[in-house]
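What follows is each chain in one-letter form.
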Amino acid sequence: MLPLSFVALALSASQVSVVAVAVAPPAELFSPLVQQKVLKTAQSFPSPAQYPQYTDRVEGNWIWFTPDQWTTGFFPATLYAMYERTKLCHRSNVGDASQWLGLARTWSTPEIPLETNTGVGHDVGFLSYPFMNELTVDPNNQTAVQAINAFANHLAGRFSPIVGCTRSWDSADPTDFQVIIDNMMNLEVLFASEKLTGNHTLRDIAISHADKTMVNHIRPDGGSFHVVDYNSTTDAVIRQRTSQGYADNSTWSRGEAWGLYGFANMYQHTKKSDYLQTARRIAKYFISNIPSDGVVPWDFNAPLVPSPRPADSSAAMIAANGLFLLADQEWSVRNVTGAAYYTNAAIKIISDNTKLAWAPSWQSLLSNGTVNNPQHNNLTGIVYGDYYFITAGNELVSRGLASC
Ligand SMILES: *[C@@H]1O[C@H](CO)[C@@H](O)[C@H](O)[C@H]1NC(C)=O
Ligand SMILES: *[C@@H]1O[C@H](CO)[C@@H](O)[C@H](O)[C@H]1NC(C)=O
Ligand SMILES: *[C@@H]1O[C@H](CO)[C@@H](O)[C@H](O)[C@H]1NC(C)=O
Ligand SMILES: *[C@@H]1O[C@H](CO)[C@@H](O)[C@H](O)[C@H]1NC(C)=O
Ligand SMILES: *[C@@H]1O[C@H](CO)[C@@H](O)[C@H](O)[C@H]1NC(C)=O
Ligand SMILES: *[C@@H]1O[C@H](CO)[C@@H](O)[C@H](O)[C@H]1NC(C)=O
Ligand SMILES: *[C@@H]1O[C@H](CO)[C@@H](O)[C@H](O)[C@H]1NC(C)=O
């Protein structure tokens, strides 16, 4: 998900040699099916534009949605990730670079009106991924520059100086100011726009949001609340609760994964040690709450009965990417042991959950994703699960820990 330039910062040969890999990355990461399936979906571009979000539960066929959804950026970003893969892999089995780039651009285009008119609230950060990717290919692409700046302004416009956060979800009562842990992921667009415009207010907003989230969403044990309701007029915390998790006091695994990635990313941008400590605490919770079968459940506190407790392979893949990013941060503070530890934990999560979820006959790469279990939407393929599966493969190659 990071722009390609960050990948270029990747680890030097010396790190590769110190990060001893205890578990081999699964071969499925570089299966020919990856490029075959992604290409097939990319070539069935509907007109008017629609985007795949998740699959049905039985045959694994994509279900398509109109563009104004929080998930719309993931398929175009997947195509940019395949383009990146052609640069990382010196083999023809990952497809043709110019074809991937052409498809990535084609699939990004119908997002353009969303920069000024969208109903996704805080999720404009996710929508901006393809444009951040585009700038690593062509830093002068003004369409992408304008989209990033507009998405960032949209998110900044949702900032409340009283609460100190950007508003995630709109609510009927405007004094009910709802912030979800997922919002940590959307802060990236503020840093991207700051870089383009020099507007440091955007960074200040991201820091304020993260500071507040660190206090009110992250529990002492490193678990997290999905939703915090603040009072927008008084700043009071009204309620800490869940929407997509099992219970108000449980830890919804995908939220935990967003938090892990989000705080590692905040440390990367600011070098504030609180963020590194928080990312470590979340990582510890995530890793130590995975049961012995290695399968990441949809909620860490959901009951084991009825069995099987639905997995969420997307949470697993997001967490693996977060752990790679955290490993980079450990490396940046010369913590070689920490870098090796998180790298190995990421590979184990990828390996165990790929074993469960690899779905050759489905249109998605992975099955066993849970979009929203309280709404009975479980055990499907998910577009962001596949996206983070592919980026995890790219991360491994760029670190010299796998070859394609
Ligand atoms: C610029 O980026 C946009 C969005 O990714 C893309 O649709 C467009 O094709 C790109 N333009 C050029 C000239 O590459
Ligand atoms: C910087 O961004 C903030 C938040 O979007 C905005 O209110 C402000 O006008 C911007 N400053 C400049 C100089 O453009
Ligand atoms: C927020 O506080 C104000 C002032 O005390 C009160 O009128 C309002 O009902 C509160 N909103 C919520 C959602 O609790
Ligand atoms: C959540 O609260 C319930 C009811 O108080 C309690 O039984 C349960 O153990 C709590 N779960 C966690 C994960 O703290
Ligand atoms: C994984 O998905 C398969 C197929 O949908 C299902 O039969 C199985 O119970 C799932 N396992 C878990 C742990 O979610
Ligand atoms: C290195 O990282 C590990 C894992 O986060 C942590 O427990 C340890 O305290 C770190 N060591 C140093 C010197 O920061
Ligand atoms: C998973 O979804 C199915 C079908 O929507 C539903 O019947 C089932 O109760 C869900 N599983 C759990 C454990 O909630």
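Preceding block: the structure.
Below, the structure is looked at part by part. (Residues numbered from 1 in each chain as written. Chains lettered and ligands numbered in written order. Predicted model: local features only at pLDDT ≥ 70, side-chain atom pairs only at ≥ 80, totals over all residues. Heavy atoms only, no water.)

This brings us to the pattern of salt bridges. Counted under the stated rule, the structure contains twelve salt bridges. The partner of K272 in a salt bridge is D211, with the nearest N and O atoms 3.2 Å apart. Placement of the pair is K272 in the loop between α12 (253-270) and α13 (273-288) and D211 in helix α11 (residues 201-216), with a sequence separation of 61 residues. On the basis of relative accessible area, D211 is assigned to the partly exposed category, the value being 25%. A salt bridge links D312 to R254; the nearest nitrogen and oxygen atoms lie 2.9 Å apart. In this pair, D312 sits in the loop between α13 and α14 (313-332) while R254 sits in helix α12, placing the two residues 58 residues apart along the sequence. We note that D312, like R254, is buried. Each member of the salt-bridge network shares a partner with another, and the members are D328, E395 and R399. (Salt bridge = Lys/Arg side-chain N within 4 Å of Asp/Glu carboxyl O. Helix = DSSP H or I, 4+ residues; strand = E, 2+ residues; numbered from the N terminus. Buried < 20%, exposed > 50% of the residue type's maximum accessible area, 1.4 Å probe, protein only.)

We now examine the site of ligand 6. Taken together, R280, E330, N335, G338 and Y342 make up the full set of residues near ligand 6. At a separation of 2.4 Å, an oxygen atom of ligand 6 approaches a polar side-chain atom of N335. At a separation of 2.5 Å, an oxygen atom of ligand 6 approaches a polar side-chain atom of Y342. Against a free-state accessible area of 360 Å², the protein chains account for coverage of 45% of ligand 6. Of the residues that constitute the shell around ligand 6, the class distribution is one nonpolar, two polar and two charged. (Near = heavy atom within 4 Å. Polar contact = N/O pair within 3.5 Å; in protein donor to acceptor, adjacent residues only side chain to side chain. Areas by Shrake-Rupley, 256 points an atom, 1.4 Å probe, with all protein chains shown as cover. Nonpolar A, V, L, I, M, F, W, Y, C, P; charged D, E, K, R; others polar.)

Take the nonpolar core next. Soluble globular proteins tend to bury their nonpolar side chains together. With 115 residues, the main nonpolar core has L79, Y129, F263, M266, Y388 and F389 as its most contacted residues. Per element, the largest residue contribution to this core is eleven residues, and it comes from α14. Counting residues in each nonpolar core, the second largest holds six residues, with V163, C165, V179 and Y230 among its members. (Core = buried A, V, L, I, M, F, W, Y, C linked by side-chain atoms within 4.5 Å.)

This part covers the sheet that holds strand β5 (residues 176-180). Taken together, the three strands give an open sheet; going across it, the order is β5-β6-β7, and neighbouring strands pair in antiparallel fashion. Each of the sheet's edge strands pairs with one partner strand only, and the pair in question is β5 and β7 (237-241). Taken pair by pair, the neighbouring strands of this sheet meet at an average axis angle of 20°, ignoring direction. Where β5 and strand β6 (residues 227-231) come together, five bridges link them in antiparallel fashion. By the bridge assignment for β6, I180 is matched with V227. Against the sheet, α11 contacts β5, β6 and β7, and its axis sits at roughly 110° relative to β6. (Pairing = 2+ DSSP bridges. Axes fitted to C-alpha atoms, helices over the stretch in contact; angles between N-to-C directions. Contact = heavy atoms within 4.5 Å.)

What follows deals with α13. In an α-helix there are 3.6 residues to a turn, and that puts residues three or four apart on one side. Compared with an ideal rise of 1.5 Å per residue, which puts 16 residues at 22 Å, α13 spans 22 Å between its outermost C-alpha atoms and is within 8% of the ideal. For α13, the elements touching its buried residues are α11, α12, α14 and α15 (336-357). (Expected span 1.5 Å × (residues − 1).)

The values are spatial; any link to function lies outside them.
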